[in-house]
Structure formats: structure tokens, C-alpha cells
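Here are the chains, one letter per residue:
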Amino acid sequence: MVRKMSIPTSKTSLLLFLCQIISALDVPLDSKLLEELSQPPTITQQSPKDYIVDPRENIVIQCEAKGKPPPSFSWTRNGTHFDIDKDAQVTMKPNSGTLVINIMNGGKAEAYEGVYQCTARNERGAAISNNIVIRPSRSPLWTKEKLEPNHVREGDSLVLHCRPPVGLPPPIIFWMDNAFQRLPQSERVSQGLNGDLYFSNVQPEDTREDYICYARFNHTQTIQQKQPISVKVFSMDSLNDTIAANLSDTDIYGAKPVTERQPVLLTPTGSTSTKVELRGNVLLLECIAAGLPTPVIRWIKEGGELPANRTFFENFKKTLKIIDVSEADSGNYKCIARNTLGSVHHVISVTVKAAPYWITAPRNLVLSPGEDGTLICRANGNPKPSISWLANGVPIAIAPEDPSRKVDGDTIIFSHVQERSSAVYQCNASNEYGYLLANAFVNVLAEPPRILTPANKLYQVIADRPALLDCAYFGSPKPEIEWFKGVKGSILRGNEYVFHDNGTLEIPVAQKNNAGTYTCVARNELGKIQNEVHLEIKDPTMIIKQPEYKVIQRYGQVSFECIIKHDSTLLPTVTWLKDNDELPDDERFLVGKDNLTIMNVTDKDDGTYTCIVNTTLDSVSASAVLTVVAAPPTPAIIYARPNPPFDLELTGQLERSVDLSWIPGDENNSPITNFVIEYEDALHEPGVWHYQTEVPGTQTTVQLKLSPYVNYSFRVIAVNRIGRSQPSEPSEQYLTKSASPDENPANVQGIGSEPDNLVITWEPLKGFQSNGPGLQYKVSWRQKDVDDEWTSVIVANVSKYIVSGTPTFVPYEVKVQALNDLGYAPEPSEVIGHSGEDLPMVAPGNVQVHVINSTLAKVHWDPVPLKTVRGHLQGYKVYYWKVQSLSRRSRRHVEKNILTFRGNKTFGMLPGLEPYSSYKLNVRVVNGKGEGPASSDKVFKTPEGVPSSPSFLKITNPTLDSLTLEWGSPTHPNGVLTSYTLKFQPINNTHELGPLVEIRIPANESSLILKNLNYSTRYKFYFNAQTSVGSGSQITEEAVTIMDEAGILRPAVGAGKGYSEILFATSPVMHTVRPTFYKVQPLYPRIRNVTTAAAETYANISWEYEGPDHANFYVEYGVAGSKEDWKKEIVNGSRSFFVLKGLTPGTAYKVRVGAEGLSGFRSSEDVFETGPAMASRQVDIATQGWFIGLMCAVALLILILLIVCFIRRNKGGKYPVKEKEDAHADPEIQPMKEDDGTFGEYRLFSFVSSAPF
């Protein structure tokens, strides 16, 4: 069995609606074309649905329509034909459907009450108006009633009833006294929504006989007055005095004093009530309470919050006002009245219903024969409105049949329409609270192509600018457009041209070879038409010699040049301006063909002069400044600031302008150059003066532009070369009328503060910009690129509104419009904002690490999809930390480092790594909200490097021919130690060096005994460690062997002090043979271990040097992989470090170090990369245990040293050992002098090593 698939109605409507958008024709707004095309009627103007008229004036019921041919009009009244020809009081305006009912010549408005409807008809259909209900306004008199005086005891409550007559529309109620002054109101005394006057508690001052209720009927401009009401309040003191006067002394008397009372609701009554309001209206809820002290009212919404920015409290918080209510505002609202004795509450159950409102109103359709289309009519309301269709004003069920038409609920589907299908359709959406009626026509046209652009139109364009050649067209079906160049040219195609949907041909960059004749061809199945236009390309206008800056003495002559070059077919005009205004009307200014000359220059000629060259196609300009300086000094004249102007006068007061005139004060020998006009706004900023404008010094009147709703006063300040005068006395005040705002708030932004909100902010208008009272803002927003309607709220004069419940980080269109009590500002421009960000969802993947050397690695990762960032992508963070040293196999406290890479970068360099270590790292994406999840940890290892210097080198146990060396392994081995290298050489007393000896020592040794050394000789030792990569930095020490055992003195002081210099006595017969002494340089001078630590724009370069002292170093660097020459920086002094500055972030560099004077002697090259951020430590060193322990040990050591020094100082009588020896030694046994500075005999040596414990 074959099954038929059915498409849901909603999907069918959507599909057909899209087809309608694609196929419907656009009719150009060409007056001649519109006059020729047939068109069904369209209602353009009609009276409101509920039309209340003044019974004393003529009734005008509007009905205007357009169509081709022009429509005829007819009316119905109360559902039947209204024959206006039979009523002499009724006429219809010529060429219009508007009715005029003559009431002023004998007609009665009551006789014309009813429901009216207008029909506009031509041969293509009929359009109908809304049902217009005509009702005359009524303002009846107050019914007569006898009002008894109100006698009230002090502290009691009181209600004065107004009960105004029922009018149409209802009157406005207010209370005044006999002097037409409004009665003061407060939390204690206030007027209710029904017009009654409520006293929560009466006081003696409430006593009066002229409480008068007034009813104002706006339509008839009449005010009705109720009879005065008398109120007499008896105070307790006066009541007691009255009682005492009527009783004897023996009677017990006295009225009770005023007692305080708990709150009681005067309105509404009971504990609950209900209220129904319509969507979009203003909801007013009222609670007025009696009590003593006066109760205070508070409002809450049960189970929710009062809507922000739409909630207002009036009548001393007794009235809750919610504007623009919606279904979401339904619920229970509780008012609570409270004083010191208790409280009372009332719950009002609010239900919000809705008259019908449009979701999609039907739109006119212009179709070609055989095309398809749809009319869609969608409305909402509460309850849901019913949809009915009419054709030419007749219910569609009884209208003539049309085979191309099919009604499907709220949609009419047209298929293969013909010209007879033209008609006007009406959609009626109604429920119990109202109705909507919309006309939409279907106009089926069969028209051959027409080109609306004039034939042989000439276009002139400046070279290198866009050229737009028009070909406005119309036809049904829609014609196809083609362009040709020349009479027999081929069709234009390619990237050189842009073809617009409206037929326009665009040449983005017009050149000389684009000039010529172009032909536009429009064709459809009914015909073909073409039109020629012509394009000319002109040379641009240029100023080849511009005016130049000039300094001229007063009364001299100056000339500015302005020589131009232009297209020979264009006629240029040259205009000169001074300070962006016309030249002064002064014969001293001479304008020549190519120059401007100013004769007899004065101070007021100082300024900027501009030469402007205009042609019909382009404009250029150039400016120069003229500075006028004083001529040689003349006899002393006293110059001073001018005196202030006086006698200010305002004339010609209009809503937006006023004329101000004044009399100048004395100029005090310096001409007044200009007048500055300032204003004060006494309404918004009293006492603050603002700049308004300024005029030349020869002018004493000015027309000032004004803003609405400002209480102006003006003052004038005169200015000359010396300075400004004191301000004049202020003018009289002038208050301008209110108007709707002229401008909207500036700096509108939409930025989310949470993942589910959008915070819309703006700069509020200043006081005078409001143009009137009641400044508010209409805040509108909708999601960008989504076919949503604008959502709008009206808020008070604030600067922020928060939209909740938004999707995370999506773009929104936002606009803010100002309004006041008189209307709205112009339509505001839209800005794009984003809802709030959330933390990223995904970690970067495919994290890879490439180890470059022992201290540098490069990390790569794949970028995360932008959709998962959920915010503005700020970059990536790389967390990396050392797990353990591979040489020691010991873990330590983890200190994590962080590198931040801005933007969508997917790689980075990790500097400052420790050699021969195991590291871990992970990568996280960062947005404005924070960091996303971390990638899985990646483990990598750094290779071996050269070790640091040995931790210590001690020289002990000196003898005649031996020294004992002890050392500690390097603090940072940076690999597996392979050996140690010891170098040493003798030093004489002039610090010259003897031959250098080198010894290689196994890595597992920690001490060494050197034998066969010279006695009484100083040696210098160089000691370092090696790994498989190379030698580390060296440590140096010095020590002295002791003298021959035949010496007489063998002082113990200084023994075992390492390299400290100690003097011993030796035999004068020793060392008869003296070896030759050489000044030698260290073996194998070299620069090694060049390391770099790079930041964004600089890098720290350090190195180790072995060779002669006092070498002068230099650093050479360049971009890695570049063939550019090396850049060279000289190092100041003999330092072994240097800072390279001014580097480019994110760039790989090569670097090497050299020594001056050593030809070709340089280090090997090193490569590093600058990064977007330096590594940041996550652990504060001041909180580390090892650091605290080290500081405590240092403090303890300093304390011990201070105690030892104090004890030694108090013993007294101490003297140096050497002085004591010199004082007691025999001259015969003094050590032998070595005046020639040479060493004794140099003998062979041997050494004994010992393994560490």
C-alpha cells in the first residue's frame, strides 16, 4: 500500500511565505510609473475606533484612500448603508471619503451616534476602514445634595466623598478651596483614585469650611464644582474645656485623650480583591489606611519581584503603578500598612488579559500572472483571538470564488494567479477585548519591461573613484538586466564590474579607458527594451602650490598663493575663507586669480586662511596661519581689558530662538575683537554659566538658538588683545516651552556581566537636553541575525538596564531612545553588544613539546573551536613546572610557572628551563570570564647542560711542599658529572703569574693532596666540573705553602686558613737557584655557556669567560633565519651579562658574544624567542619554609658575630701577630728578601687523592 506524506500546515505556510518573499515584485517609487500602473485601493487615513466628539462642533469622520483608478467611497452606519444624499447635514469632501456632519448649523450630535465604516472601491477591489464608534462628549452637572457638616474628633479617620457626575470621557478630579488653591496632600491626607479625599487621622488644622471637589471635562473644556464641604475637628483640650464649663466642681469629668490606633484599610475593603487589566496598559493598585500614627504603605508581589524599571509609586506610596503590563505581571500583589502599633494587609489578585496584537500583519502582494504567493495574518491575545478573512469587504465564505485562492486558517495561498485574481483582502483578529483589522491587496500585473532612467544620461566621474551607472527598471514578470559597452560590444562580466539588483552597474575604480557609451538591456517574456548612457572620466583637481605660514608686522602687507591644476573641461571656482568663515567685507582684502593679498594688516586679521577649489565633481582645500605681531613700540599707551557690556535686552522671543542686544563698554585703547555670550539655566543648573556662542567685536546683536524647557538668562563678556572683561549683568529670564527630546543617549553599550544576562548602559541626557519634564528612556533589544521582534521597556532616568535569561555570549542589537511627557526623540541608531561570557568548555588538544636545548623548549597546541570559547578569545595560558632533577632523583616543592599568549596563537617558547630535568605542562584557553579546563599534562625532559661551579673549594694543611684541596659537588650538576679539572699557577709579590698546570680528576673524588710544591710560595687555583656537554663555571682560590723547617719561627696563627696570606721566616741560605718567571695568559681563552632569558621586548644575555682579565666584551644579535647583518652592542666594563632592549614580541633571535682584541674569538650562536609574557611564579618566596629557615640562620649568625666582637673588644691590649714578631726577632735570622721578585727553584710535584666519606 502506497503511503502519502503530509506536510504540516505550519511548514507549508513557512515554505510558501519564503516563496512569496522571493517572487513578489517591488514597484519603484517613480511618480510617472505609479500613475500608469493599476492598483487596488489602500486606506491611508481614518478616524480612531473609539471617536469621542465635541457636541458643539462639526463632526469630521476621516476616510482617505489611494488607488489606480482613484477609488470611490461609501459608508455604512450601524451595519446598513448610509445614504448621505438624503441627509442635508452630511457632506463628503471632494476626491475623498471623509464625512463632515454639520452640527453648528442646527444638527444634534446625539442624533449621529453609532458605528460607521468606510469602503473605498475601484475596479481592482475594495478596502474597508475600522468600525468607527461615534459618541458625543458629555459633561453633566452635579446632582443637588444636602451636605451636612462633618464633626470629627481629633485622631479619627475621615473620608470626604466626591461622587462626580458620570461623563464621557470620565472627568479629572482635584480638590481646591474657595481661593482656587489646591489643598495640600501628604501621607496623612491624600486623594484616592475614585476622587475621594482620605484622612488617615484628622488634626485640628484640618478644620475648614471650603473642601471643594472639582471635575474637569477635557473634551468640552468645562469644570464642574461640588458644593463646599465643612469639616470641624474637636481637639481633646477644647472638648474638656466645654465639659468642664457645664459641670460642677464636684463632678468627675474629662474626655479621653487622643489614643493611638492600629492601621485599618479605608480602601480597598476586606482582605482580598481582584483586578483585571489589559496588556500594554498602566496597572494602578491603591491602598489607603487609617491609623494613628499615620501608617506607612509598602507593596510586594507574592512569589516574585516587582518589575524593575516599570514600577512607580505615587500618592505617597499609596498607589502602585506598573506601566506597559504584560501577562508576566499577573499574580498577587500585597499592600501592607504599618505603624508603631501594628499592621494590616490586603491582597489584590491581578489578571492581565490582552486585546489582539499583531505577530505578522498581512502585506500587499504584487504578482505576475502564473506566480504563487501567500497572505499571512497572525495575531495573539488573551484569550486567543479568532481569525476571519474578507475579500473586498465581504466574508470570504460568500465572496465570489477564485480558483487560484485557498484559505488555510490564518493563511491564504495563491497558486497560478491571473489578472482577475486582483482583490483587497481583510484580516480580522478579535476577542472579547477588541479587534484588529488589516487590508492587504493582491495586485496581478502583466507589464512589459520599462527603463525609468532617462535616455542618453551623461555621467561624469573623477578618475580613480567609483562610477555608478543607473538602469532603474520595472516589468512583470521581473525583467533580466544585461549591460554592454559600445553599440556592438559584448556583455559585461568579470571582477572589474559590480552588478546591483536594482540594475545599477558599478565600476569600483574608474579609469580613463572606462569612458564611453554603455547600453542597458531589460527583457522579460512580454518584451525587451534598452537604454544608452554615457560615461566621461575627468582628471582630479589639485593644489600644486599651497599657501604657507606667515608672520607679519601690524600695518604690513601679506600674500598667500594657491596655484591649481584641473581638468580642462571643468570650470573651477576658488574661494578663500578666514577661520572657516567668509572673508571680511573689507577693501583691504584683494583676491587674485592665484593669490590672496591683505593690505595694511591689523590684529584682527590674525587667523587661519583656507583656499577651497570646487568643481562640479570634486573639491580640494589647503590652509595656512597668519600671525600678526606688534609694530615697533610707539609712545606708551595704557592698554587694558574692556569694560563689561551693559543694558542687555531680549526681543523677538520664539520657541527656539531669541534676539539679544547690548551696549559695549569702553574698549580701553585695545579694540574689542569679539563678544562671548554665556547662559544660565535656572531650572536645571542655577548659578552655573555655560558658553553659548561668540560674535565679532563689531556686532552688538545676535539671534541665539534655544533649547526647549530651559529657563534662560544671558550675560555678555567683551574680549580684546589684553584679555576678557568682567561679565555683564544678567539679562531677564526667558523660559522656553517643553518639547519632545531632540537627541538620544550617547555611548550605548551592551555587555553581559553574567552568562545569562545583557547589561545595557548609556550616558543619560543632561538636564537641558531633556526638552521637557518626565525624562525616560525606551530600551530595546533583539538577538542579532535572528528574525525576532524588538523587545522594549521604558525605564526611568537611569543609565543601565539588565536583560536576564539571555543565551551565553550571543550578539544583540541594542538601541536606547529618549522620551518625555511630550513624546519621543528621533529613532536611535543601533549598536551591537554581546550577552555575558561563560568559562570556556574545551581544553586545547594535540599538545606537543619540542625541546630546543637544555634551557629552552617550544610548545604547540591545536586551537579550540570558537563556539566552545563562549566569550571573547583572549589567548592561551601554558602552565609548566619542574617535577624532578634527573641527576638527583629528588622531588621538591612544585612552583608552577605561567606563560600567557595573546590572541589565537598556537605555539610559544618556554624559557629559563633547568637542564637535565623532568617537566610537566598543560594548556588552557582564556576568555573574558576566565580560564577553561586544562589539557592533559604533557611530560618532557631537558637534556644535559654544563654544571654550575663546585659548591666550595677549601685548601688546608699547608706544608713546605704540599697543600690539601677539598671541594663540594656543584649545586646544579645539570647532568651526570664526568670529571673535575684543576688548574693552578704560582704568583709572585708583583702579582705576575707563573706557568699554568692542569689536572683531570675523577668525578667521584672530593679531595686532593698536591705535593712537590715550592715552599713559601703563593698559588692560584682554578677548579670546575664537567658533564658530557662541557665544562661548567670555575671557582678560584689562593693559598701559600709554609717556609722551610729550618726557619726559626713557626707561628700557628693562620694555619689552616685556606688561601689567607701568612708570612713565615726562612733561612737566608735557601733558594740559591732562582727559576725564570713568566707573565702568562690563561690556556685556551673561550666564552661559553651563553644563556638567554627572554621577555616581550627584552632579553637577559649571560655567559662564562675563561681568559685574560679585563677583557672588553660585545654582544651581536639578529633575527633568526634572516640574512641581515649582525647588530652589535658594546658591553660596559668586564661584566658577564647584558640586557638587549627594543626587541619585537613573538620573534626568534640569534645571539653570540665576543671579546674585543681577540680576533675572530666569539662564542657559539644561541637562539631564543621573545614571548607575550614572562613566566609568573605562583608561590610567594616569602612563604617558603627554606627561605624562612635561611633568614633565621643568617640572623643567628649575625648575633653570634656581634657577641664575639664585644668579648674581644673588652679584653684590651691586643696587637697584630706580625708586629710582635718584628719587635722580637734577631736581625741575623730575618727571612731573605727576594728583591728581584722571582720565585725559588721550581720542582716536580706529586699528589695524593682520597675518596669522600
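Residues numbered from 1 in each chain as written. Predicted model: local features only at pLDDT ≥ 70, side-chain atom pairs only at ≥ 80, totals over all residues. Heavy atoms only, no water.

Caption draft 1: Main features of the pattern of salt bridges. Tallied over the entire structure, the rule returns 37 salt bridges. Notably, a salt bridge pairs Arg-153 with Asp-156, separated by 3.9 Å at the nearest N-O pair. Among the residues examined, Arg-153 registers a relative accessible area of 43% and is labelled partly exposed. The shortest N-O distance in the salt bridge between Lys-877 and Glu-931 comes to 3.1 Å. One end of the pair, Lys-877, is in strand β74 (residues 873-885); the other, Glu-931, is in the loop between β77 (917-927) and β78 (938-941), with 54 residues separating them in the sequence. Using a relative accessible area of 21% as the deciding quantity, one classes Lys-877 as partly exposed. (Salt bridge = Lys/Arg side-chain N within 4 Å of Asp/Glu carboxyl O. Buried < 20%, exposed > 50% of the residue type's maximum accessible area, 1.4 Å probe, protein only. Helix = DSSP H or I, 4+ residues; strand = E, 2+ residues; numbered from the N terminus.)

Caption draft 2: A look at the sheet that holds strand β88 (residues 1113-1119). With antiparallel pairing, 4 strands are arranged side by side in an open sheet as β89-β88-β91-β92. One side of each edge strand has no neighbouring strand; the edge strands of this open sheet are β89 (1127-1130) and β92 (1166-1169). Strand-to-strand twist in this sheet, taken as the mean axis angle between neighbours without regard to direction, amounts to 30°. Sheet analysis places β88 next to strand β91 (residues 1148-1155), joined by 7 bridges and oriented antiparallel. Bridge assignment links Val-1119 to a residue of β91, and that residue is Tyr-1149. (Pairing = 2+ DSSP bridges. Axes fitted to C-alpha atoms, helices over the stretch in contact; angles between N-to-C directions.)

Caption draft 3: Spotlight on the state of the cysteines. Throughout the structure, instances matching the rule amount to 6 disulfides. What pairs with Cys-287 in a disulfide is Cys-335, and their sulfur atoms sit 1.9 Å apart. Across the S-S bond of Cys-287 and Cys-335 the torsion is about -65°, and the bridge reads as left-handed. With Cys-287 in the loop between β22 (283-286) and β23 (288-292) and Cys-335 in strand β27 (residues 331-339), this residue pair connects regions lying 48 residues apart in the sequence. (Disulfide = S-S within 2.5 Å.)

Caption draft 4: Structural detail: the sheet that holds strand β54 (residues 595-598). An order of β49-β54-β53 is seen for the 3 strands of this open sheet, with the pairing classed as antiparallel. Looking at which strands have only one partner, the edges of the open sheet turn out to be β49 (558-561) and β53 (589-591). Sheet twist, expressed as the mean angle between neighbouring strand axes with direction ignored, is 15°.

Caption draft 5: Highlighting the packing of aromatic side chains. Taken as a whole and judged by the stated rule, the model has 23 aromatic pairs. Each ring, one from Phe-199 and one from Tyr-211, has its centre 5.9 Å from the other, and the planes form 80°; the classification is edge-to-face. Within this pair, whereas Phe-199 is found in strand β16 (residues 197-199), its partner Tyr-211 is found in strand β17 (residues 208-217), the two being separated by 12 residues in sequence. Here Phe-199 and Tyr-211 have matching classes, each one buried. The rings of Phe-174, Phe-180 and Tyr-214 are connected pair by pair, giving a single aromatic cluster. Of note, Lys-1128 hangs over the ring of Tyr-1114, and the distance from its end group to the ring centre comes to 4.2 Å. (Phe/Tyr/Trp six-rings, centres within 6.5 Å; stacked < 30°, edge-to-face > 60°. Lys NZ or Arg CZ within 6 Å of the ring centre and 35° of its normal.)

Caption draft 6: Region of the structure containing the nonpolar core. Counting residues in each nonpolar core, the largest one holds 30 residues, and the members touching the most others are Ile-59, Ile-61, Trp-75, Ile-101, Tyr-116 and Ile-134. Listed by contribution, the elements that provide at least two residues to this core are β2 (50-53), β3 (59-61), β4 (63-68), β5 (72-77), β8 (99-101), β9 (114-122) and β11 (132-136). By residue number, the principal contributor to this core is β9, which donates 3 residues. What Ile-101 contacts, discounting residues up to four positions off in sequence, is Asn-58, Ile-59, Ile-61, Gln-89, Val-90, Tyr-112 and Tyr-116. Membership of the second largest hydrophobic core comes to 20 residues, among which are Leu-963, Tyr-980, Leu-982 and Ala-1025. (Core = buried A, V, L, I, M, F, W, Y, C linked by side-chain atoms within 4.5 Å. Contact = heavy atoms within 4.5 Å.)

Caption draft 7: Just the side chain of Arg-405, in detail. With respect to the element layout, Arg-405 can be found in strand β34 (residues 405-408). Buried charge without a partner: Arg-405 forms no salt bridge, and the closest opposite charge is Asp-402, 4.8 Å away. Of the polar contacts made by the side chain of Arg-405, one reaches the backbone oxygen of Pro-400; its length is 3.0 Å. Engagement of the side chain of Arg-405 in a polar contact is seen with the side chain of Tyr-425, the distance being 3.0 Å. If we ignore the near neighbours within four places in the chain, the residues touching Arg-405 are Ala-391, Ile-396, Pro-400, Ile-412, Ile-413, Phe-414 and Tyr-425. (Lys, Arg positive; Asp, Glu negative; His and termini not counted. Polar contact = N/O pair within 3.5 Å; in protein donor to acceptor, adjacent residues only side chain to side chain.)

Caption draft 8: Structural context of the pairing of strand β79 (residues 950-956). Sheet topology places β79 next to strand β80 (residues 963-970); 6 bridges connect them, and they run antiparallel. Paired with Leu-953 across the two strands is Trp-967, which belongs to β80. Adjacent in sequence and paired antiparallel, β79 and β80 are bridged by 6 residues, among which Asn-957 carries a positive phi angle near 50°.

Caption draft 9: The arrangement of the environment of Arg-450 in detail. Note on placement: Arg-450 falls in strand β38 (residues 447-451). Judged by its relative accessible area of 21%, Arg-450 falls in the partly exposed class. Placed 78 residues apart in sequence, Arg-450 and Lys-528 show a C-alpha to C-alpha distance of 8.4 Å. Beyond its immediate stretch of four places on either side in the chain, Arg-450 contacts Leu-33, Glu-36, Leu-37, Ala-472, Tyr-473, Phe-474 and Ile-529. Of the polar contacts made by the side chain of Arg-450, one reaches the side chain of Glu-447; its length is 2.7 Å.

Caption draft 10: Summary view of a nonpolar patch on the surface. A cluster of nonpolar side chains, namely Leu-1196, Leu-1199, Ile-1200, Ile-1203, Val-1204, Phe-1206 and Ile-1207, defines an oily patch on the protein surface of about 660 Å² accessible area. Tracing the sequence through the fold places Leu-1196 in helix α5 (residues 1185-1211). (Patch = residues over 30% accessible without salt bridge, like charges linked within 9 Å, V, L, I, M, F, W, Y side chains within 5 Å. Areas by Shrake-Rupley, 256 points an atom, 1.4 Å probe, with all protein chains shown as cover.)

Caption draft 11: Main features of the pairing of strand β14 (residues 172-176). Here β14 lies mainly inside the structure; 4 of its 5 residues are buried. Here β14 pairs with β17 via 5 bridges, running antiparallel. Counterpart to Met-176 in the pairing with β17 is Ile-212.

Caption draft 12: Summary view of the environment of Tyr-916. Position of Tyr-916 relative to the elements: it lies in the loop between β76 (907-910) and β77. Considering only alpha carbons, one finds Tyr-916 and Asn-974, 58 residues apart in sequence, at a separation of 5.3 Å. When residues no more than four places from it in sequence are discounted, the contact partners of Tyr-916 are Ser-885, Leu-886, Ser-887, Thr-942, Pro-943, Glu-944, Asn-974, Gly-975 and Val-976.

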